[in-house]
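Inside the fold
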Amino acid sequence: MFLELKNIRKSYGEKDYRTEVLKGIDLEIEKGEFAVLLGPSGSGKSTLLNIIGGIDEADEGTITINGHILKSLSKKELEKYRRNHLGYIFQMYNLIPNLTVRENIETGAFLSRDPLEIDPLIDVLGLKEHQHKLPNQLSGGQQQRTSIGRAIVKNPDLLLCDEPTGALDYTTSKEIMKLIETVNQTYRTTIIMVTHNDAFKGLADHVIRLRDGQIRKSYYNDTKIKAEDLEW
Amino acid sequence: MVKDPLRKRLLRDLKEEFGKYLVIFILMASSIGFVSGFLVADVSMLKAYNESFEKYNIEDGNFSVNRKLNLADKKIIESFGIKIYENFYLSISNDEKEIRVFKDRKDVDKVCLMEGKMPQSDDEIAIDRMFADNNSIHTGDVLKMNEGDFKVTGLVALSDYSALFSDNSDVMFDSISFSVGIVTDNEFASLGKPTYSYAYKYDVSPLDKQDEKEKADELMKKINGEIPLKTFTPQYANQAIMFTGTDMGSDKGMIEILLYMIIVILAFIFAVTASSTIHKEMSVIGTLLASGYTRRELVIHYMTMPLIVTFVSSIIGNILGYTVMKNICADLYYSSYSLPTYITVWSPEAFIKTTVIPSVMMILINLFVLIYKLNMPIMNFLRRQESSGRNRKVLPLNKHIPFFTRYRLRIFFQNIPAYLVLLIGILFANLFILFGLDFPDIMDLYEIEMKENPLAPYITMLALPDSINRDDHKLESSIELLGFFNEVESENETAEKFSAYQLKSAPDPAKSYNGENVTIYGIANDSKFISLDVSDHKIYVSSAYADKFDLKKGSSILLKEEFDDQYYRFEIDGVYEYLGSLCVFMSREDLNELFDMGKDTFVGYFSESSIEDIDKEYIGTVIDYKALTKLSRQLNVSFGGMMDLVVYFAIIVYVTLIYVLSKTIIDNNAQSISMNRIMGYSSFEISRLYINTTTIIFVVLLISSMPLEVYVLKLLFRYMMIAKMSGWFPLTVSKEIIMKVIIIALLSYGAVSIIEYRRISKVPMDQALKNVE
């Protein structure tokens, strides 16, 4: 098993303000799988993603990725783990404002011992014409494509996407989903995507539905639909 | 392997944040330039001064006698272990100036020709370079003196007159109306009877100061045993030679205090800017950390540009220091002291203090702030949440407070650290401006006080010849003393006799205080000039003394003989309003008895008019308004230029601080400002929120901090006067000066605000929409 979560619990706040966000999550994800975490706002999707990504810590439970137990890793090892194995895409693109599209992608390549070729990737991302532009000269979709490029250029084992289309319009969202689909198929990258858009469940191999910090439903699609056929 | 693309940000960062880096650069480079210029000039000139003792063969002391020594006298005196050299002088003068002229010196106290040439013919003169500068006299000019016209052929520095003291007992030198000069031997001979002054050098140099003093005491007795001395001044007691070295050394201390204050300001600026950078880039940092960048890589990245700016500032600052600023500071010294030419020396101390320490400090502060700030959880960066607690308490604001006021209060709470730095900056800059502007006022007030409240319109100090103190010729001395007192009886109806004695206040190493001359006046019980009840052994001190050392009725003072360890302790019965000098008043009988001077002895007269019926030979000094204000006039000349520099520097500090801090506040709120614009706020309204908040706080801090600044200035001034200067100047800060400081501060602020207003009006609306930081 590539990723295994056992009894993950997480709370925020103290005493009267304490809120239990995750209430014992058990989950398994295979290598190369495209998993979608669905659920309404406040269901704990992003928190779970951040815990898998090692940027937030569970109060209880264990996470095993590729044989490594996250909890047992030191701060430095965790840093190394993120550096070598993870790619991150956020709803907000968080691009470096004074680096060009290409240079922003290079910030990901810099971290990897075996990065993807940048030029073909820029082609795949459809950013060839924009590669020398700064982020504030791009549309939202182009910025998100850049952030995807930055995440996948290091050829990660696991790509974590937190509402990657949350700030985009319909057409652009579809383009981005096509891109994520391509990444999954081309590079066999395991993808976990958090979304509240129910329509995306058809894209995934594995659908996990969360509500109130618990997995209400977890199932595998026998047949997937293509990103270009998505409608919502 | 892909090279770290973050490097490519550096130049772009520099371009985008050019204003911020420019003002930090200006402040650092000008501080380093100013302080290192001063230290380098100080070290170089101190070296030239110290070397001048050997280079120009400066005397070990001098004495004067009533007649020219013959060969036999010389032989006897030289048998006391010294070699003597004629160094006769006489004065030429006009109504305003006095020039003490010498023949050219060939062996001792040699002359440094700084411009032009030495006099070749009889109506020519070479005069002191500093005196010439202060009076705008150039080579080729003709001086009209009572003794005739003299063409100035050269400007010189006499090695035994690096400070132009006309009288060794003066409180301050006088480079405005007193000079020294060189004329040809023929011209010298034609000018009349000179003062028979002899310089001497020991055959065997003294081992240390104690040895030097013992040798001088013994020598004085021996010479006086052979020929009555008029004056005897060993090198260590000769202010014209020694004052410069002491004063230059103490300047260094002052400038270092300035440097440490600048360092504190820089430290705060670095801390605020580093913190602001992190705040601005929080989500980028979060993403980079989430992607696998290490904190170390990010620390290095965010350290690079401040390091480059520091490095460049240090280089430029040092270049400025060793060129322009050094020359300006050397000119300041040249306007106070008649120093020979100097060669710039490399000062490792100046480099370490001005460059290494601020740079290391900059690195450490940035490192500390960056490590501290980057140590937050990645989630906090991604959520742009600087403090760790989600449940951070928010200060409730009453809904009845107008909306704009509440908004401004929120901005204030958000930026408290920046405003604290602003407060420190205001304190610092205002202190400088206050001092710079107040200095001429202090001098003017002192002069007015001296004019309106002198001890007496004329204080005539008699000159007791040294020959009276001949231990081995007691009978001759007594007869001579009787004769002397007979000669100095004045018929002037306003004249009132007094006696006086010179002591030194006890040194206090803890306050860097070396002690200074205190005159003890023995006055008549019913003095017309000093209305004090000195009966029953009552003792009073002048208000200058009381102010300087915080003395009052009941305090005690400890005084000592200058050259031995005899101490005197006095209990004070009151303070007499007199700011002219540090002095003690008691009855004449008490003073004469205390110092074993003989019941009827007196050493001078207080009078309403000048005493004209005593032979000039017996008059030592006449202290009138001109003499009393010599110090303030000289200080105005010596430090007037320096005060302008201080004010300019303070303005640089102001502009830098206000610019950096206002920019930080606007940058931190760029997204909110953008959102405000989207919502329909006009640039003017947004400025009212963001700039006006800073304006209100600036004005409140500026005005409310004034009393503290005046208090601190008074403390520092007292410290400076105690550590550095004899005498006392009362420091008062007038309302006009305070208004001027406020106006300068507001103008500096206003200039920066215009730039900030433009910045606010340029914040694009899509900043909030596009999530571009």
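Within each chain, residue numbers correspond to sequence positions counted from 1 in written order. As they are written, the chains are lettered A onward and the ligands numbered 1 onward, keeping that order. Since the coordinates come from a predicted model, pLDDT governs what is reported: local features require at least 70, and pairs of side-chain atoms require 80 or more to be given and counted, while whole-chain, interface and lining totals use all residues. The basis for every side-chain value is the complete set of non-hydrogen atoms in the structure, without hydrogens or water.

1. Section: the sheet that holds strand E2 (residues 19-29) of chain A
Residue and element names in this part refer to chain A. Sheet architecture is open: four strands sit in the order E2-E1-E4-E5, paired in antiparallel fashion. The sheet terminates laterally at E2 and strand E5 (68-69), the two strands that pair on one side only. Where strand E4 (residues 60-65) and E5 come together, two bridges link them in antiparallel fashion. Residue Ile65 lies in a different strand from E5, and its bridge partner there is His68. Each of strand E1 (3-12), E2 and E4 is contacted by helix H1 (residues 45-52), which is oriented at about 120 degrees to E1, the strand it contacts most. The criterion for strand pairing is that DSSP finds at least two bridges linking the strands in question. We count a stretch as a helix when DSSP gives it H or I for four or more residues in a row; a strand needs E for two or more, and each element gets its number in order from the N terminus. Every residue pair with non-hydrogen atoms within 4.5 Å of one another is taken to be in contact. Every axis corresponds to a line fitted to the C-alpha atoms, with the helix fit spanning only the stretch in contact, and the corresponding angles, defined between N-to-C directions, vary from 0 to 180 degrees.

2. Side note on helix H10 (residues 348-374) of chain B
With 27 residues, H10(B) should reach 39 Å at 1.5 Å per residue; the first-to-last C-alpha distance of 36 Å fits that figure. Note that the bend at a residue is defined as the angle between axes fitted to the seven residues ending at it and the seven residues starting at it. Where H10(B) bends most, the angle comes to about 30 degrees, and this point is Val356(B), followed within four residues by the proline Pro358(B). Helix span is expected to be 1.5 Å times the residue number reduced by one.

3. Some remarks on the interface of chain B and chain A
Each partner contributes residues to the interface: chain B has 34 residues there, and chain A has 35 residues. Of the roughly 3,200 Å² buried between chain B and chain A, counting both surfaces, carbon and sulfur atoms make up 57%. The term salt bridge refers to a side-chain nitrogen of Lys or Arg lying within 4 Å of a carboxyl oxygen of Asp or Glu. Where chain B packs against chain A, one counts three salt bridges. Arg12(B) is paired through a salt bridge with Glu103(A); the nearest N and O atoms lie 2.4 Å apart. For the purposes of these results, a polar contact is taken to be a pair of N or O atoms within 3.5 Å, where, inside protein, one atom must be able to donate a hydrogen and its partner to accept one; residues adjacent in sequence count only when each atom of the pair is a side-chain atom. Taken together, chain B and chain A are joined by nine residue pairs in polar contact (both at pLDDT 80 or more). Those elements that place two or more of their residues in the side of chain B that touches chain A are helix H1 (9-16), helix H8 (282-291), helix H9 (295-334) and helix H11 (378-382) of chain B. Here the quantity called buried area is the accessible surface, traced with a 1.4 Å probe, that two parts lose on coming together, added over both.

4. With respect to the side chain of Thr287(B)
Following the sequence through the fold, Thr287(B) ends up in helix H8. Only 2.9 Å separates the side chain of Thr287(B) from the side chain of Asn94(A), close enough to count as a polar contact. Once residues within four sequence positions are removed from consideration, Thr287(B) is found in contact with Phe90(A), Asn94(A), Arg150(A) and Leu382(B).

5. Describing a nonpolar patch on the surface
Only residues whose relative accessible area exceeds 30% and that form no salt bridge are eligible for patches; like-charged ones are grouped when within 9 Å, while nonpolar side chains (Val, Leu, Ile, Met, Phe, Trp, Tyr) are grouped when within 5 Å. Note that accessible areas follow from Shrake-Rupley with a 1.4 Å probe, and for residues the cover is restricted to the protein chains shown. Taken together, Ile308(B), Phe311(B), Val312(B), Ile315(B), Ile316(B), Ile319(B), Leu320(B), Val324(B) and Ile328(B) make up a surface patch of nonpolar side chains, about 710 Å² in accessible area. Examined against the element boundaries, Ile315(B) turns out to sit in helix H9.

6. Digging into the environment of Phe63(B)
Residue and element names in this part refer to chain B. By secondary structure assignment, the location of Phe63 is in strand E1 (residues 61-65). Given a relative accessible area of 0%, Phe63 falls into the buried group. Along the primary structure Phe63 and Ile84 are separated by 21 residues, whereas in three dimensions their C-alpha atoms are 9.7 Å apart. With sequence-adjacent residues up to four places away left out, Phe63 is seen in contact with Leu69, Ile77, Ile84, Tyr196, Ser197, Tyr198, Tyr200, Ile223, Leu229, Thr231 and Phe232. A simple rule labels every residue: compare its accessible area, found with a 1.4 Å probe on the protein chains alone, to the largest value its type can have, and call it buried under 20%, exposed over 50%, or partly exposed in between.

7. So, the confidence of the model for chain B
Residues and elements named next belong to chain B. Known as pLDDT, the predictor's confidence for each residue is given on a scale from 0 to 100. Considering every residue of chain B, the mean pLDDT works out to 83; 92% of them sit at 70 or more. Across residues 768-773, where pLDDT falls below 50, the model places 27 contacts with residues more than four positions away in sequence or in other chains. This prediction of the complex comes with two scores: 0.67 for pTM and 0.71 for ipTM.

8. Remarks on the confidence of the model for chain A
Averaged over all residues, the pLDDT of chain A is 88; the fraction at 70 or higher stands at 100%. Helix H2 (residues 75-85) of chain A is the least confidently modelled element of chain A, averaging 83 in pLDDT, while strand E3 (residues 34-38) of chain A averages 95, the highest of any element.

9. Quick notes on the nonpolar core
Buried Ala, Val, Leu, Ile, Met, Phe, Trp, Tyr and Cys residues form a nonpolar core when they are joined through side-chain atoms within 4.5 Å. Among the nonpolar cores identified, the biggest contains 209 residues, and Phe63(B), Ile125(B), Ile127(B), Tyr521(B), Phe585(B) and Phe606(B) are the most heavily contacted of them. Leaving out residues up to four positions away in the same chain, Ile125(B) has contacts with Ile92(B), Ile99(B), Val101(B), Pro119(B), Leu143(B), Phe150(B), Lys151(B), Val152(B), Thr153(B), Gly154(B), Ile182(B) and Val183(B). Counting residues in each nonpolar core, the second largest holds 57 residues, with Leu27(A), Ile55(A), Ile65(A) and Leu370(B) among its members.

10. Observations concerning the packing of helix H5 (residues 140-152) of chain A against helix H6 (residues 170-187) of chain A
Residue and element names in this part refer to chain A. Running from N to C, H5 and H6 point in directions that differ by 15 degrees, and their axes come no closer than 10 Å. In this view, H5 runs roughly parallel relative to H6, as classed from their interaxial angle. Judged by the twist between their axes, the crossing of H5 over H6 is right-handed. Here Gly141, Gln144, Arg145, Ile148 and Ile152 of H5 come into contact with H6, specifically with Thr172, Glu175, Ile176, Leu179, Ile180, Val183 and Tyr187. Any angle that is under 35 degrees is reported as roughly parallel, and any over 145 degrees as roughly antiparallel; angles of 65 to 115 degrees are reported as roughly perpendicular and all others as oblique. Left-handed describes a crossing in which the near helix is turned anticlockwise from the far one by less than a right angle; the clockwise case is right-handed.

11. Re the side chain of Glu163(A)
Residues and elements named next belong to chain A. Along the chain, Glu163 turns up in the loop between strand E7 (158-162) and H6. No salt bridge is formed by the buried Glu163; its nearest oppositely charged neighbour, Lys45, is found at 4.2 Å. Of the polar contacts made by the side chain of Glu163, one reaches the side chain of His196; its length is 2.9 Å. With residues near it in sequence (within four places) discarded, Glu163 still touches Lys45, Gln91, Val194, Thr195 and His196. In summary, the charge assignment counts Lys and Arg as positive and Asp and Glu as negative, without counting His or the chain termini.

12. Digging into the pattern of salt bridges
Enumeration according to the criterion identifies 31 salt bridges over all chains in this entry. In this structure, the salt-bridge partner of Arg9(B) is Glu281(B), at a minimum N-O distance of 2.5 Å. Taken together, the residues span a long stretch of sequence, with Arg9(B) in helix H1 and Glu281(B) in the loop between helix H7 (239-280) and H8 at a distance of 272 residues. As far as burial versus exposure is concerned, Arg9(B) and Glu281(B) are alike and both buried. Between Lys213(B) and Asp217(B) there is a salt bridge; the shortest N-O distance is 2.6 Å. Of the two residues, Lys213(B) and Asp217(B) are both situated in helix H6 (residues 209-226); the distance of four residues between them amounts to about one turn of the helix. Connected through shared salt-bridge partners, Arg102(A), Glu106(A), Asp119(A) and Lys8(B) make up one network.

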